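Okay, here's what each chain looks like letter by letter:
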Amino acid sequence: MNAVEVKSKYGAEFRRFSVDRLKPGKFEEFYKLIMTIHRIANMEVMIGYADVHGDLLPINNDENFSKAVSTAHPLLRIFIQRQAHRYKHTVSNVAPVCSYYVVTVSLA
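Predicted, not measured: the structure shown is a model, and the values here were computed from it.

S.K.: Provide a residue-level description of the overall build of the protein, including the pertinent values.
M.R.: A tally of regular secondary structure across the protein gives two helices and seven strands. Secondary structure elements of the protein, listed N to C terminal, follow the sequence β-β-α-β-β-α-β-β-β. Relative to its full complement of 108 residues, the protein shows a buried share of 27%. Intrachain contacts of the protein at a sequence separation of at least 6 include 46% that bridge at least 24 residues. Split by element, the accessible area of the protein, about 7,600 Å² in all, is 53% carbon and sulfur.

S.K.: Pulling in residues and values, what's your account of the pairing of strand E3 (residues 45-50)?
M.R.: Taken residue by residue, a regular strand's side chains alternate between the two faces of the sheet. Two strands pair when backbone bridges link them, and E3 and strand E5 (residues 75-82) are joined in this way by five bridges, in the antiparallel orientation. What sits directly across from Ile47, in E5, is Ile80. Sheet topology note: the E3/strand E4 (residues 56-58) ladder contains three bridges and is antiparallel. Of the residues in E4, the one forming a bridge with Gly48 is Pro58. Counted between consecutive antiparallel strands, the loop separating E3 from E4 contains five residues, among which Gly54 sits at a positive phi close to 90°.

S.K.: Describe the pattern of salt bridges, with residues and values.
M.R.: Following the criterion strictly, the structure yields three salt bridges and no others. The residue Arg15 makes a salt bridge to Glu13 at a minimum N-O spacing of 3.0 Å. Exposure remark for Arg15: the relative accessible area of 25% places this residue in the partly exposed category.

S.K.: Could you give me a rundown of the packing of aromatic side chains, with the residues and numbers involved?
M.R.: For the coordinates displayed, the defined rule picks out three aromatic pairs. Ring centres of Phe17 and Phe30 lie 6.2 Å apart, and the angle between their planes is 45°; this geometry places the pair in the tilted category. Placement of Phe17 in strand E2 (residues 13-20) and of Phe30 in helix H1 (residues 27-37) is noted, with a sequence separation of 13 residues between them. Judged by relative accessible area, which is 13%, Phe17 ranks as buried. Judged by relative accessible area, Phe30 falls into the buried class, the value being 4%. Taken together, the ring pairs in this structure connect Phe17, Phe30 and Phe65 into an aromatic cluster.

Reading the values: rules and limits
- Residues numbered from 1 in each chain as written.
- Predicted model: local features only at pLDDT ≥ 70, side-chain atom pairs only at ≥ 80, totals over all residues.
- Heavy atoms only, no water.
- Helix = DSSP H or I, 4+ residues; strand = E, 2+ residues; numbered from the N terminus.
- Buried < 20%, exposed > 50% of the residue type's maximum accessible area, 1.4 Å probe, protein only.
- Contact = heavy atoms within 4.5 Å.
- Areas by Shrake-Rupley, 256 points an atom, 1.4 Å probe, with all protein chains shown as cover.
- Pairing = 2+ DSSP bridges.
- Salt bridge = Lys/Arg side-chain N within 4 Å of Asp/Glu carboxyl O.
- Phe/Tyr/Trp six-rings, centres within 6.5 Å; stacked < 30°, edge-to-face > 60°.

What is shown is where atoms sit, not what they do.
Printed below as a string of C-alpha cells:
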C-alpha cells in the first residue's frame, strides 16, 4: 500500500492513522473517520491541512481532500476546529436586531 501517514489535531489531542495515497476515498468518508477517531460525532467542525509551504488550507470536498493526500510529504497534518457558531439576538417576535459570529482561531 502506498500509505500516507496522517496526524490529526483537535484541541490538545493528536491521532495518527494512514490513508492510501492512490485511493484516498471520498471526503465524506474521511470526515466521518475524523469524527469517529476524535469522538466528536455530535459536533460540526472545519477540517484543514498544512500544505508544503505551511499554509493552512481547507478540506471540505473531494477535490481538496485528494489534493491534500497527494501532496503530503511525508506527513499529512490535519487541524480540526469547531465550526463557527452563528447567534442571533432578537427582541420579542420582531426580526433580528443584530447578528454576530463567534469564531475560534488556532495559531498552529
